[in-house]
Amino acid sequence: MPETSAPESEGAIETRGLEPVPDSERSGRVRELFPTWVAANISVLLLTMGAGLVVFNRLNIWQVLAVAVAAPLVSYGLTGLISIAGKRGGSPGMALSRAVFGQRGNLFPGSLIWVARWGWETINAVTGAYAVLTVLDLLFGVKSNTTLIVVTLLLFVGCTFLVSGLGINALRRCSTWSTYLFGAFSVLVLVYLIASTDWSAVFAKPAGSTAMMIAGIGTIAAGGISWVPSGPDFTRYLPRTASGRGMVAATVGGAGVVVLPMVLMGAVMAVSTPDLASAKDPVSFIGELLPSWIAVPYLLIALIGMLLINSMSMYSAGFTAQTLGINVPRAWAVSVNAIISLVFGFLLMVVATSFFGSFISFLTLLAVAFSAWIGVFGVDMLSRRTYDGEALMDTTRTSGYWYRGGFAWQAMTAWGVALVAGLLFTKVDWFTGPLAGSWIGRNGLGWAATVVVAALLYAALPRTKAREPAQEPAEAEKVTEPAGGLSI
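Residue numbers run consecutively from 1 along every chain, following the written order of its sequence. Totals for whole chains, interfaces and linings use every residue, but because this is a predicted model, local features are given only for residues with pLDDT of at least 70 and side-chain atom pairs only at 80 or more, for both listing and counting. Processing note: side-chain calculations cover all non-hydrogen atoms of the structure and skip hydrogens and water entirely.

**Let's talk about the overall build of the chain**
A run of DSSP states H or I qualifies as a helix once it reaches four residues; a run of E qualifies as a strand once it reaches two. Both are numbered from the N-terminal end. Helix and strand counts for the chain stand at 20 helices and two strands. Looking at the chain as a whole, 57% of its 488 residues qualify as buried. Partitioning the intrachain contacts of the chain with sequence separation of at least 6 by distance along the chain shows that 86% fall at a separation of at least 24. Exposed residues in this analysis have more than 50% of their type's maximum accessible area, buried residues have under 20%, and partly exposed residues fall in between, with area computed by a 1.4 Å probe over protein chains only. It only takes one pair of heavy atoms within 4.5 Å for two residues to be counted as in contact.

**Focus on the side chain of S186**
Counting through the fold element by element, S186 comes out in helix α8 (residues 168–196). Filtering out sequence-adjacent residues up to four positions away, S186 remains in contact with M265 and Y298.

**Thoughts on the packing of aromatic side chains**
Within 6.5 Å between ring centres, the rings of Phe, Tyr and Trp (the latter by its six-membered ring) count as paired, and their orientation is classed by plane angle as stacked under 30 degrees, edge-to-face over 60, tilted in between. Here the structure, examined in full by the defined rule, presents eleven aromatic pairs. Ring centres of W37 and F234 lie 5.7 Å apart, and the angle between their planes is 80°; on these two criteria the pair is classed as edge-to-face. Linking W37 in helix α1 (residues 33–39) with F234 in the loop between α10 (210–225) and α11 (244–272), this pair joins segments that are 197 residues apart in sequence. Looking at W37, the relative accessible area reads 1%, which means it is buried. Taking the relative accessible area as the measure of exposure, F234 reaches 6% and is therefore buried.

**Observations concerning the nonpolar core**
For the purposes of this section, nonpolar cores are sets of buried Ala, Val, Leu, Ile, Met, Phe, Trp, Tyr and Cys residues that join through side-chain atoms within 4.5 Å. Ranked by size, the top nonpolar core spans 134 residues in total, and within it W373, V376, F377 and Y387 carry the most contacts. If we skip the residues at most four places from it in the chain, F377 touches I82, A85, G93, L96, S97, V100 and Y387.

**What about the packing of helix α3 (residues 61–89) against α11?**
The contact between α3 and α11 brings their axes to 7 Å, and the two run at 150°. What the angle tells us is that α3 and α11 run roughly antiparallel. In this structure, α3 meets α11 at a crossing whose hand is right-handed. Residue composition of the contact of α3 with α11, by class: 20 nonpolar, seven polar and one charged. For every element, the axis is a line fit to its C-alpha atoms; helices are fit only across the contacting stretch, and the angle between N-to-C directions ranges from 0 to 180 degrees. For classification, angles of less than 35 degrees are called roughly parallel, those exceeding 145 degrees roughly antiparallel, those between 65 and 115 degrees roughly perpendicular, and all remaining angles oblique. Crossing handedness is read from the near helix: turned anticlockwise from the far helix by less than a right angle, it gives a left-handed crossing, and turned clockwise, a right-handed one. Basically, the charged four are Asp, Glu, Lys and Arg, the nonpolar ten are Ala, Val, Leu, Ile, Met, Phe, Trp, Tyr, Cys and Pro, and anything else, Gly included, counts as polar.

**Comments concerning a nonpolar patch on the surface**
Here a patch means residues that are over 30% exposed by relative accessible area and free of salt bridges, tied together within 9 Å if like-charged and within 5 Å if nonpolar (Val, Leu, Ile, Met, Phe, Trp, Tyr). The Shrake-Rupley method, run with a 1.4 Å probe sphere, supplies the accessible areas, and residue values consider only the shown protein chains as cover. By definition here, a salt bridge exists when the distance from a side-chain nitrogen of Lys or Arg to a carboxyl oxygen of Asp or Glu is within 4 Å. A cluster of nonpolar side chains, namely I339, V343, F344 and L347, defines an oily patch on the protein surface of about 370 Å² accessible area. Among the structural elements, V343 can be located in helix α14 (residues 330–350).

**Structural notes on helix α15 (residues 355–382)**
Relative to the 40 Å expected for 28 residues at 1.5 Å per residue, α15 spans 40 Å between its end C-alpha atoms, a close match to the ideal helical length. Throughout, the bend at a residue refers to the angle made by two axes, fitted to the seven residues ending there and to the seven starting there. At S371, α15 is bent by approximately 25°, the largest bend along its length. Of all 28 residues in α15, 22 are buried, a share of seventy percent or more. What a helix is expected to span follows from its residue count: subtract one and scale by 1.5 Å.

**Brief notes about the packing of helix α17 (residues 409–424) against helix α19 (residues 446–460)**
Closest axis-to-axis distance for the α17/α19 pair is 8 Å, and the angle between their directions is 155°. Considering the angle they form, α17 stands roughly antiparallel to α19. In this structure, α17 meets α19 at a crossing whose hand is right-handed. Contact residues: α17 offers Q410, A411, T413, A414, V417, A418, L419, A421 and G422, while α19 offers G446, T450, V453, A454, L457 and Y458. Across the contact of α17 with α19, the residue classes break down as ten nonpolar, five polar and no charged.

**A short note on unusual backbone geometry**
Unlike most non-glycine residues, R58 shows phi in positive territory, near 60°. Turning to its location among the elements, R58 is positioned in the loop between α2 (45–55) and α3. Positive phi outside glycine occurs at Y403, with the angle close to 55°.

**A look at the pattern of salt bridges**
Evaluation of the coordinates by the stated rule reveals four salt bridges. One salt bridge connects D380 with R384, and the closest N-O pair in it is separated by 2.7 Å. There is no split in this pair, since D380 and R384 are both buried. Look at the salt bridges and you will find they share partners, linking D23, R26 and R240 into a network.

**Focus: the environment of I294**
With respect to the secondary-structure elements, I294 resides in helix α13 (residues 292–323). Take I294: its relative accessible area is 0%, and that puts it in the buried class. Sequence separation between I294 and L188 is 106 residues, and the spatial gap between their C-alpha atoms is 7.8 Å. Setting aside chain neighbours within four positions, we find I294 in contact with L188, V189 and Y192.

**Remarks on the environment of K465**
Within the secondary structure, K465 is located in the loop between α19 and α20 (473–478). Its relative accessible area of 74% is what places K465 among the exposed residues. It is 8.3 Å that separates the C-alpha atoms of K465 and Y403, two residues lying 62 residues apart in sequence.

**A closer look at the confidence of the model for the chain**
What pLDDT expresses is the predictor's confidence in each residue, scored from 0 to 100. When pLDDT is averaged along the chain, the result is 84; 88% of the residues meet or exceed 70. Highest mean pLDDT in the chain belongs to α3 (97); lowest belongs to α20 (39). Within the model, pLDDT remains below 50 along residues 1–11, and this stretch shows 17 contacts once partners closer than five positions in the same chain are excluded. Scored below 50 in pLDDT, residues 469–488 makes 36 contacts in the model with residues more than four places away or belonging to other chains.

See below:
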């Protein structure tokens, strides 16, 4: 572990990589998770997704409300639960995953999750670039062209790289201020919509099917599910005695306070502008529906939010890259994802014909890819209270997490079988599984089937106990869950 003259959590630039955070540097507070997960959801894409529930799923406003409540409860509930591993082990999520899958086995889910993050960062970069283009159009009448697309993408990704490269403290500070600003302007937009919306048309819309409502929950929840492996990345600076219940509540509350009103606002907007959900550009409609004095500052603040989302994703992706053996400092590992999001972002903005269709297909596959890991890792958490920091960092045969040939075959089997099972029930624009026509497939529950299969199979398989050092009495006292905390 590198020596430093001051705790790394207090520096302007975080230099700590995968190594566990020592107790002396765990100065984080549970309440800091609330603005973190608010910032992780400040995206105008939620407006587009809310509109999609009305236009494509054909839900009425009460069904949209049910979806907007259930989706963050499910997805960020899982994120909060898995994030408890961060305070127990003090390492990022994909580093802790070595204890479950083995030093070599972890490369497989790690690679898949890393690649999936490319797509998520690309979507966010594109949305941010569209926000810049829309503001330029509203303020100066500048129309989009290929050169401007490249410039805006470079600007957005460059700022993302800067913030994510600085580390956890920069993310915390930016998240707090963006929470206040976005909250204030969201209230302003909500008041404007209340005053200008034809509410008789909103409430007159007939109800859609239960299947489409369940599918809608899966669609909205997919974004939150993508954050689950990253949950420990933002809790590893919390003391071991931090309340588990408080962590889950702060995670769900921070996400829900944004997801709920944004999805509802998107649904209300779709009643008067039904082509909003199918627009190639997911942002410019805001300039058409809102007066410029609201639209411009709202988009600029939302742009900061989308920058933070991408920064958080790249922050975690840097750790994932390090677990794959890319032996460079975390800030440099982040640059790999920055370059990838630039390339794919350009292709999506210039070549793709339907942003929303590509986005929903991506979210569906993303949820399945992450759910296989969630099922296995979650079950492992039920029986584990500590992680061996030295074994996590030791990638040789001497590691306590080497298992057999570097693989925990039980975890690998459960993960692989669940991943295949989830894809069998999945249907997207360019792929249809053979069981997509079943009840599970029609209701968009391929991701849920993936979690269940992974969890049940891993729980049923006999597991080899890792070689972990015996705890000293004082150390054992440190990792005991506090009274009133969540013990899982």
